[in-house]
Amino acid sequence: MSAFSSTDRYMRRMKRPTSLVCGVAAMMADKFNWSCLWTRVVWAAVILLNPVMGLLIYFVLALVLPKWEANS
């Protein structure tokens, strides 16, 4: 198993619009027609730069986005 195949599988997983944790990035990418990969990259950067606020916002959106989808 080479490092390239491992990286290739990881990139395919990140581009797939299924949930990794709560599906917030996939829901946002779908709702606003953004790239799922880049939405997840931005979320990862936000959480690495400010973990407390990033995770708080992430889990609040995990609660709010499904209800927002149902109403629109």
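No experiment lies behind these values; they were computed from the predicted model shown.

1. Some remarks on the UniProt feature "transmembrane region" (unreviewed entry) in the protein
Using the residue numbers shown here, the UniProt feature "transmembrane region" (unreviewed entry) corresponds to residues 41-65. Secondary structure across residues 41-65 divides into 96% helix and 0% strand, with the first and last C-alpha atoms of the span separated by 19 Å.

2. Looking at the packing of aromatic side chains
Going through the model one piece at a time under the given rule, you end up with 3 aromatic pairs. Between the aromatic rings of W43 and Y58, the centroid separation amounts to 5.3 Å while the plane-to-plane angle is 85°, which identifies the pairing as edge-to-face. Taken as a pair, W43 in helix α3 (residues 36-49) and Y58 in helix α4 (residues 51-71) lie far apart in primary sequence, 15 residues in all. Using a relative accessible area of 12% as the deciding quantity, one classes W43 as buried. In this structure Y58 comes out as buried when scored by relative accessible area, which is 10%. A ring pair is formed by Y58 and F59, whose centres lie 5.4 Å apart and whose planes are at 90°; its orientation type is edge-to-face. Through successive ring pairs, a cluster of aromatic residues spans W43, Y58 and F59.

3. Concerning the nonpolar core
In terms of nonpolar packing, the biggest core is built from 8 residues, these being V24, A25, M27, M28, W43, Y58, A62 and L65. Per-element tally for this core: the top contributor is helix α2 (residues 24-32), with 4 residues. If we ignore the near neighbours within four places in the chain, the residues touching A25 are T39, R40 and W43.

The rules behind the values
Residues numbered from 1 in each chain as written. Predicted model: local features only at pLDDT ≥ 70, side-chain atom pairs only at ≥ 80, totals over all residues. Heavy atoms only, no water. UniProt positions renumbered as here; feature names shortened; annotations may be inferred. Helix = DSSP H or I, 4+ residues; strand = E, 2+ residues; numbered from the N terminus. Phe/Tyr/Trp six-rings, centres within 6.5 Å; stacked < 30°, edge-to-face > 60°. Buried < 20%, exposed > 50% of the residue type's maximum accessible area, 1.4 Å probe, protein only. Core = buried A, V, L, I, M, F, W, Y, C linked by side-chain atoms within 4.5 Å. Contact = heavy atoms within 4.5 Å.

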